[in-house]
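# Inside the fold
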Amino acid sequence: MKRYQWKKWLIGAAISVMAVGSLAYASSEETQSSETSESTLEAPQIEWEDEWVIPEGISIGQIDLKGMTVADAKTAVNKLADQLLNREITVDMNGKEYKTTPKDVGVTWANPQVVDEAFSHMTKGNFVKRYKNQVDLKTEPVALNIQLNVNEQAVTNYAQSLVDACTVQVVEPSVTRSNGKFQVVEGKNGAAFNVEEIKTALLTPLGDVTNTDAISIKPTVTETKPQYAADIFSHFSEQPLGSCTTKFNTAASEANRCTNIELSANNMNGHVFMPGEEISTLAMFGDVTEANGYKSAGTYSNGKVVDGIGGGICQTTTTLYDAVLAAELEVVYRRNHSMMVDYVDPAKDATVDYASGSDFKFKNNTDYPIYIESYRNDNTVTVNIYGTETRPANRKVEYVSKILEYSFPEENAPFFEVRVDPSIKMGWGWPSEKHRVAVNCHPQVQAELYKNVYVDGQLTEQTQIGGLNKYRYSSGVIYVARDTQVSVVDPAPGTNKQRVLSLYLTFLDGETVGPEVPADWSKQKLAQHEAALQQKMKELGR
């Protein structure tokens, strides 16, 4: 249908109006007949074409559709919608600009059929109705708008993504240590933004269909300064506040344990803690898993030595504990081992357990930061705690272990569990050639730890630390050759067992002291534990 067919259509409609007017003078029956006749003028719904011209009085937004074909109107309106959906949005997040478009943050065109809706005002009803609609447009124009659907949740998500990307946590000043020297690292201001503010600032212009200009917002940034200035590290002491070094076995059979000690020390090294901060040893060690490099080695469990991931990290923990004691930091939570260890005096050890979450925790109760330095050097692990020394130079502290009980509580409790190992050397010879000690015998021990304070060399204060420390008895494990006839069962009460105990103590302390253990038990002597038990086996095997 061509453009000029509109005129023919309107002429037909005018003729129909004249016919209806003449019928108004007829009788009521004729009037009724004319109404019937008018109904017969009802035109079928027509399929209009894009070439039809839109008359005056119809607009969509700021677009006046007068004189446009339907196709032109669709093109113009589509262009407007495209401008609304693809205009540039710039969000200035503390100097860094992020750009997007309404379409990318969930805005959609809700009424793409708006041109059809506008044109329907000319195609409804019969010829008379259509003519009347067009005449009415001159006095009652039809003004439609593009409608946008703004997805508020999508806008919220976009605002949250900006906040997540631009939020900066405040960083306190810190220090690093290299070649025996400290290097101060300046702190950084924190920056925070409000998601609701960003969302609200976007929602209003996104829903405005009368403006196709670019959208630009600059959310408020809330800055937070570090609590401490960098000069808090300016008085770091050259000597550590507290230090401890312990030794361990570097035999090939202990390779996994050595790895765990070294890894835990490396993970702990370099941590800085501010005044009042509580410190978790497990947090410094990281996840004690194979994925993080920890290996399976001997560890204590239910009164036995068994293999477990991270075996050996308790020696690093113990070394840290003794350094904490020397620095006189506050111990928050500490638990001793279930059985004796051979690298520190009784009551000076500390244990952790990754599986259960049992931790060694302490607090920086000084007015200055502390820095933890920890490392392995061959067969030793060392922990140094640096900070600002405020204690008088003439004041010294030492920690003394006092053993209250040392015994093998049950007369029928074996010193060792014997297992056959075919790989051990066969034939005649000393028993030491035909057995190996896999796990040493652990005596039952109860001990206390005391802190002694000296001023100008004089004892001025003595305080018990940590309560009573109890260590369980556990028999050892010896592997023997198949042809070895070595008796390692308990001797008769009061005779050989007493002799074996006395022999053990004689080796450790240089003289026979019977079942009593002197209070000045030393870790150097305790490190001889295995050698003493080897001698005991020779005695029993002759």
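Read on for an overview of the structure. Keep in mind that what you see is a predicted model, and the values were worked out from it rather than measured.

This next bit is on the sheet that holds strand S22 (residues 395-407). Across the sheet, 3 strands lie side by side as S22-S25-S26; this open sheet has antiparallel pairing. The strands lining the two open edges of the sheet, one partner per strand, are S22 and strand S26 (458-471). Between one strand and the next, the sheet's axes are offset by a mean angle of 20°, whatever the strand orientation. Sitting on the sheet, helix H10 (residues 313-327) is in contact with S22, strand S25 (444-455) and S26, with an inclination near 135° to S22.

On to the packing of aromatic side chains, then. Per the counting criterion, the structure on display carries 6 aromatic pairs. Aromatic side chains Tyr 321 and Phe 360 sit 5.5 Å apart centroid to centroid with 85° between the ring planes, which places their arrangement in the edge-to-face category. Taken as a pair, Tyr 321 in helix H10 and Phe 360 in the loop between strand S18 (330-333) and strand S19 (361-363) lie far apart in primary sequence, 39 residues in all. Of the two residues examined, Tyr 321 and Phe 360, each falls in the buried class.

Now for the sheet that holds strand S14 (residues 272-273). The strand order across the open sheet formed by 4 strands is S13-S21-S20-S14, and the pairing between neighbours is antiparallel. Every other strand in the sheet has two partners, leaving strand S13 (242-247) and S14 as the edge strands with one partner each. Of the pairings in the sheet, the one linking S14 to strand S20 (residues 370-377) comprises 2 bridges and is antiparallel in character. The partner of Phe 273 across the bridge, within S20, is Ile 370. Helix H8 (residues 255-268) contacts S20 and strand S21 (380-386) of the sheet and is inclined by roughly 155° relative to S20. Where H10 meets the sheet, it contacts S13, S20 and S21, and its direction lies at approximately 150° from that of S13.

Analysis parameters
Residues numbered from 1 in each chain as written. Predicted model: local features only at pLDDT ≥ 70, side-chain atom pairs only at ≥ 80, totals over all residues. Heavy atoms only, no water. Pairing = 2+ DSSP bridges. Helix = DSSP H or I, 4+ residues; strand = E, 2+ residues; numbered from the N terminus. Axes fitted to C-alpha atoms, helices over the stretch in contact; angles between N-to-C directions. Contact = heavy atoms within 4.5 Å. Phe/Tyr/Trp six-rings, centres within 6.5 Å; stacked < 30°, edge-to-face > 60°. Buried < 20%, exposed > 50% of the residue type's maximum accessible area, 1.4 Å probe, protein only.

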